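Fold and contact review
Chain residues, written in single-letter form:
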Amino acid sequence: MNMQTTAFIETLSSKHKDKFLSFSDLFIGKNYFNENNFNKLLELSTLQNLTASFVLLDTKSEIIGVRVTYVPGKWMNEISMTHLKNINVQNKEIAYFKSLFIHKQHQGKGYGPMLTNKSMQVLKQMGAKAILTHSWLESPNNSSVKYLENMGFQQLGLVKNFWIDFDYTCSGCGLQNCTCTAVEMILML
């Protein structure tokens, strides 16, 4: 018998820290998010008492998905922007989609768009005019880029070795200094 899991979205907060870090180690890469950067992640996700990052929980309160989103104007010194020169939006009006991961057993059920749309609702309340992201080119069947294009994102260009300076072990290439390529993409709101 195939029963569909009921899932619930919650705003990411410090109460999710341990489960969030365990989940991200499995699906994003060991130490991509860690004890040292979790509080910074929460800070970059919050503006005007609103938070744009979310977790998806199953009925046992286990994390089965995450959408990490940095709010407009806070993340600019944290992430390289390579292809934004011709975009007619002020930096302080651009939000950043950092990460979206859904547990493999729960993919294809609409949870990714559900989390993404929830984030976009909050970003619009904050006055965001655009969302920038770096999509994982080497994702299985290029699913990351295809997903974002289906959401309306447009490709700006490629960034080779985008994650090479991140101190984590990539779940994709398996290297400590990740050599995966990012596709820089933008969505105008």
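Residues numbered from 1 in each chain as written. Predicted model: local features only at pLDDT ≥ 70, side-chain atom pairs only at ≥ 80, totals over all residues. Heavy atoms only, no water.

Once that is clear, we can look at the overall build of the chain. Along the chain, the regular secondary structure elements total 4 helices and 11 strands. For 189 residues, the compact-globule estimate of 2.2 N^0.38 gives 16 Å, and the C-alpha radius of gyration of the chain, at 16 Å, lies within 12% of that figure. Expressed as lengths along the three principal axes of its C-alpha atoms, the size of the chain is roughly 50 × 40 × 35 Å. A buried classification covers 46% of the 189 residues belonging to the chain. Partitioning the contacts of the chain with sequence separation of at least 6, the portion at a separation of at least 24 is 72%. Averaging the locations of the 18 positively and 14 negatively charged side chains of the chain gives two centres separated by 6 Å. (Helix = DSSP H or I, 4+ residues; strand = E, 2+ residues; numbered from the N terminus. Rg over C-alpha atoms; globule rule 2.2 N^0.38 Å. Buried < 20%, exposed > 50% of the residue type's maximum accessible area, 1.4 Å probe, protein only. Contact = heavy atoms within 4.5 Å. Lys, Arg positive; Asp, Glu negative; His and termini not counted. Charge placed at Lys NZ, Arg CZ, Asp CG, Glu CD.)

Pairing within the open sheet is mixed, and its 7 strands lie in the order S1-S5-S6-S7-S8-S11-S9. Edge strands, defined here as strands with exactly one partner in the open sheet, are strand S1 (8–11) and strand S9 (154–159). Adjacent strand axes in the sheet meet at a mean angle of 25 degrees, parallel and antiparallel pairs treated alike. Sheet contacts for helix H3 (residues 111–125): S1, strand S5 (54–57), strand S6 (63–70), strand S7 (94–102), strand S8 (130–136) and strand S11 (182–188); angle to S7, the most-contacted strand, approximately 160 degrees. Each of S6, S7, S8, S9 and S11 touches helix H4 (residues 143–150); the most contacted strand, S8, lies at about 160 degrees to it. (Pairing = 2+ DSSP bridges. Axes fitted to C-alpha atoms, helices over the stretch in contact; angles between N-to-C directions.)

What follows concerns the confidence of the model for the chain. In this model, the chain carries a mean pLDDT of 89, and residues with pLDDT of at least 70 account for 92%. For the chain, per-element mean pLDDT is lowest for strand S10 (residues 169–170), which scores 81, and highest for S5, which scores 98. (pLDDT = per-residue confidence, 0-100.)

Okay, helix H1 (residues 17–27) next. Buried within H1 are the following residues: Lys17, Phe20, Leu21, Phe23, Ser24 and Phe27. Buried residues of H1, viewed axially, fall in a sector of 165 degrees; they line one side. Away from the buried face of H1 by more than 90 degrees, exposed residues Asp18 and Leu26 are located. In this fold, the buried residues of H1 make contact with strand S2 (29–30), helix H2 (38–44), S5, S6 and S7. Residue Gly29 follows H1 closely and has a positive phi angle near 145 degrees. (Arc of directions from axis to C-beta.)

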